[in-house]
Amino acid sequence: MENLVEIKDVNFSYDVRPVLKRINMTVPRGKVVCIMGLSGCGKTTLLRLIGGALRPTSGEVRVAGTLMNDLDQDGLYEMRRKMGMLFQFGALFTDLSVFDNVAFQMREHTDLPEDMIHDLVMMKLNAVGLRGAQHMMPAELSGGMARRVALARVLALDPMLIMYDEPFTGLDPISMGVISELIRQLNAALGATSIIVTHDVQETLKIVDYVYFMSDGAVVTAGTPDEIRNSTAPFVHQFVWGEMDGPLPFHYPGSAYAADLGLGDARA
Amino acid sequence: MPERLVSGLRGIGHRVVDGIWRLGYASRFFLLTLLRSTTAFRRFGLTVREIYFTGVLSLIIIIVSGLFVGMVLGLQGYETLQKYGSSEAVGTLVALSLTRELGPVVAALLFASRAGSAMTAEIGLMKATEQISAMEMMAVDPIARVIGPRFWGGVISMPLLAAMFSAVGVFGGYLITVVVIGVDAGAFWSQMQSAVDFRQDIVNGVIKSVVFGIAVTAIALFEGYDAPPTAEGVSGATTRTVVTSSLAILGLDFVLTAFMFTGI
């Protein structure tokens, strides 16, 4: 199957601090792929590299065959018209209504007449079940509704690649289930490809085709959801089943407990 | 001791380098804003919307302040001029003070604290809530779409607000000196008419207010765009906007006055 996203030997550093180390990853066209890992392991940085918001220190990031590293601003914007990104808390424009948020990209990038934009926005809002909220302002929406409006906005120009940055953060179980179902259904309906960055394991494993596990800036394992669930790798097992202790210790490294309690050289 | 000295010198060096770097970054931001201003004019509705937010919504504070400043000028001017038997010249004093100095300067200071701080907070919060990043990911240039219209909205609003301030100030001076104190209305207006020169006083005042508008708006937008995306970051940026803009207005006023009115 043809790969829509190909990441080859990518290293990335902020100043001298390495964030990503020799990342190799492929995302086949039409699939929903998840990148999992602890906070700060480099997941979102990787997403930003795919979207061209950051450039790798070395290596290649290709989307639909185009080398993202080399694009100038015009080229980057041309590629981004074919991509969509759902931000962690939606990032809706707070001065625009739900309708105008969804219509934003259509008005910016097309010359469609306003009545056609109206129909398209209604279709997008209907797809996420929020046609009735078209006149509301972002401040009036719940967290789950805001995420659904943001999803409708992402779909505005029918992107070939949709990126989700922590789409389940802060949602109640019902909203989480709705969003995860929408991600799966809309990916199939649009014939798009999706990349989800998250650490919500159980919800994500229900809807994705493939999972990459990252730790400390590197891919440590990858596989299908079943392979991940049944993995005996200590890190993956601890992460998937939410165990308190394992390769990632409960205690942050520090001085001896007894020393912090002022017990001198007593028991550690 | 030498270690403390070296550490102190290193600290000063860091601050100087940081300051120069930030100045360079701000200059680049300003140039980009100018270069990508076509959207602000091609879709003038966006700029008109910003003129409403920065200009129209500042009208109340400008009008009330202008009225009081004009009335105080009238009172003080009359008090001083009557000692020399030239109380009819109070209209000239009020008009020249307002058109040359107080109109542009006080209106710009009020503009910085009312509209400038609002612009910084808005852009800073847009950044903190990832609205700017979202726009970039939607292939929409935030400098062209968000910064440009706000910049030109501010630059267009500022001279209009300064003119409004001066006009209302003159009316305030008229109210106090002619209506309340009883100075002759004919003398008040005619002396003003003969003393105020259009090119020397009005145009120079307008030039000042345009320069202040550019300075305040550019500072406010840069501070918002450069604000760390946290609550402290946005509040610090808002404070810096008011402080830096106020100092810039007063500094630029001195330079402009030196060139315009003293022939330096």
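Refer to the structure printed above.
*Asks:* I tried to follow the overall build of chain A on my own but got confused; where do I start?
*Replies:* The number of helices and strands found in chain A is 10 helices and 10 strands. For the C-alpha atoms alone, the extent of chain A along its principal axes is close to 80 × 40 × 35 Å. A sequence separation of at least 24 residues applies to 64% of the contacts in chain A between residues at least 6 apart.

*Asks:* Hey, could you run me through the sheet that holds strand β1 (residues 3–14) of chain A in this one?
*Replies:* The sheet built from 4 strands is open, its strands ordered β2-β1-β4-β5 (chain A) with antiparallel pairing. Each end of this open sheet is capped by a strand with a single partner; those strands are β2 (17–28) and β5 (66–67) of chain A.

*Asks:* For this particular structure, what's the right way to read the interface of chain B and chain A?
*Replies:* You'll often see interface size given as the accessible area lost when the parts meet. Counting residues at the interface gives 10 residues for chain B, matched by 12 residues for chain A. Tallied by class, residues from the side of chain B that touches chain A come to 5 nonpolar, 3 polar and 2 charged.

*Asks:* For this particular structure, what's the right way to read the sheet that holds strand β10 (residues 218–223) of chain A?
*Replies:* Within a sheet, adjacent strands bond to each other through the backbone by hydrogen bonds, running parallel or antiparallel. All names here are of chain A. What the 6 strands build is an open sheet, ordered β6-β7-β8-β3-β9-β10; its pairing is mixed. In this open sheet, the two edge strands, each paired with only one partner strand, are β6 (83–86) and β10. The average undirected angle you get between the axes of adjacent strands in this sheet is 20 degrees. Across 4 bridges, β6 lies against strand β7 (residues 161–165) in parallel orientation. Opposite methionine 83, over in β7, you have leucine 161 as the bridge partner. Here helix α1 (residues 43–50) sits on the sheet in contact with β3 (32–37), β7, β8 (193–198) and β9 (210–215), set at roughly 150 degrees to β8.

*Asks:* So what exactly am I meant to see when it comes to helix α6 (residues 173–190) of chain A here?
*Replies:* Since there are 3.6 residues in each turn of an α-helix, residues three or four apart along the chain are aligned in direction. Residue and element names in this part refer to chain A. Here α6 is 18 residues long and its end C-alpha atoms lie 25 Å apart, about the 26 Å a rise of 1.5 Å per residue gives. Residues Met176, Ile179, Ser180, Leu182, Ile183 and Asn187 constitute the buried set of α6. Buried residues of α6, viewed axially, fall in a sector of 155 degrees; they line one side. The exposed residues of α6 that point more than 90 degrees off its buried face are Pro173, Ile174, Glu181, Gln185, Ala188 and Ala189. The first or second residue beyond α6 is glycine 191, which carries a positive phi of 65 degrees.

*Asks:* Would you mind going over helix α5 (residues 143–154) of chain A with me for this structure?
*Replies:* All names here are of chain A. Its 12 residues give α5 an end-to-end C-alpha distance of 16 Å, which sits within 8% of 16 Å, the value for a rise of 1.5 Å per residue. Taken across its 12 residues, α5 has 10 buried, putting it largely inside the fold. Looking at α5, one finds that the buried residues are Met145, Ala146, Arg147, Arg148, Val149, Ala150, Leu151, Ala152, Arg153 and Val154. Next to the buried residues of α5 lie β6, α3 (98–109), α4 (114–127), β7 and α6.

*Asks:* Help me understand the packing of helix α4 (residues 59–81) of chain B against helix α5 (residues 90–128) of chain B in this model?
*Replies:* Any two packed helices are characterised by how steeply their axes cross, that is the angle between the axes, and by the distance between the axes. All names here are of chain B. It is the contact of α4 with α5, at a shortest axis distance of 10 Å, that shows an interaxial angle of 145 degrees. The two elements α4 and α5 meet at a crossing, and its hand is right-handed. Contact residues: Ile61, Ile62, Ser65, Val69, Gly70, Leu73, Gly74, Gly77, Tyr78 and Leu81 in α4; Val90, Leu93, Val94, Ser97, Leu98, Leu102, Val106, Ala107, Leu110 and Arg114 in α5. Per-class residue counts for the contact of α4 with α5 are 14 nonpolar, 5 polar and 1 charged.

*Asks:* In this structure, what is going on with the packing of α5 of chain B against helix α7 (residues 142–181) of chain B? I would like to understand it.
*Replies:* All names here are of chain B. Where α5 contacts α7, the two axes come as close as 7 Å, and the packing angle between them is 145 degrees. Viewed along their axes, α5 and α7 form a crossing whose handedness is right-handed. Here the contact of α5 with α7 is built from residues that sort into 19 nonpolar, 8 polar and 1 charged.

What counts and what doesn't
- Residues numbered from 1 in each chain as written.
- Chains lettered and ligands numbered in written order.
- Predicted model: local features only at pLDDT ≥ 70, side-chain atom pairs only at ≥ 80, totals over all residues.
- Helix = DSSP H or I, 4+ residues; strand = E, 2+ residues; numbered from the N terminus.
- Contact = placed C-beta atoms within 7 Å.
- Pairing = 2+ DSSP bridges.
- Nonpolar A, V, L, I, M, F, W, Y, C, P; charged D, E, K, R; others polar.
- Axes fitted to C-alpha atoms, helices over the stretch in contact; angles between N-to-C directions.
- Expected span 1.5 Å × (residues − 1).
- Buried ≥ 20, exposed ≤ 12 C-beta atoms within 10 Å, placed from the backbone.
- Arc of directions from axis to C-beta.
- Left-handed = near helix turned anticlockwise from the far one by under 90°.

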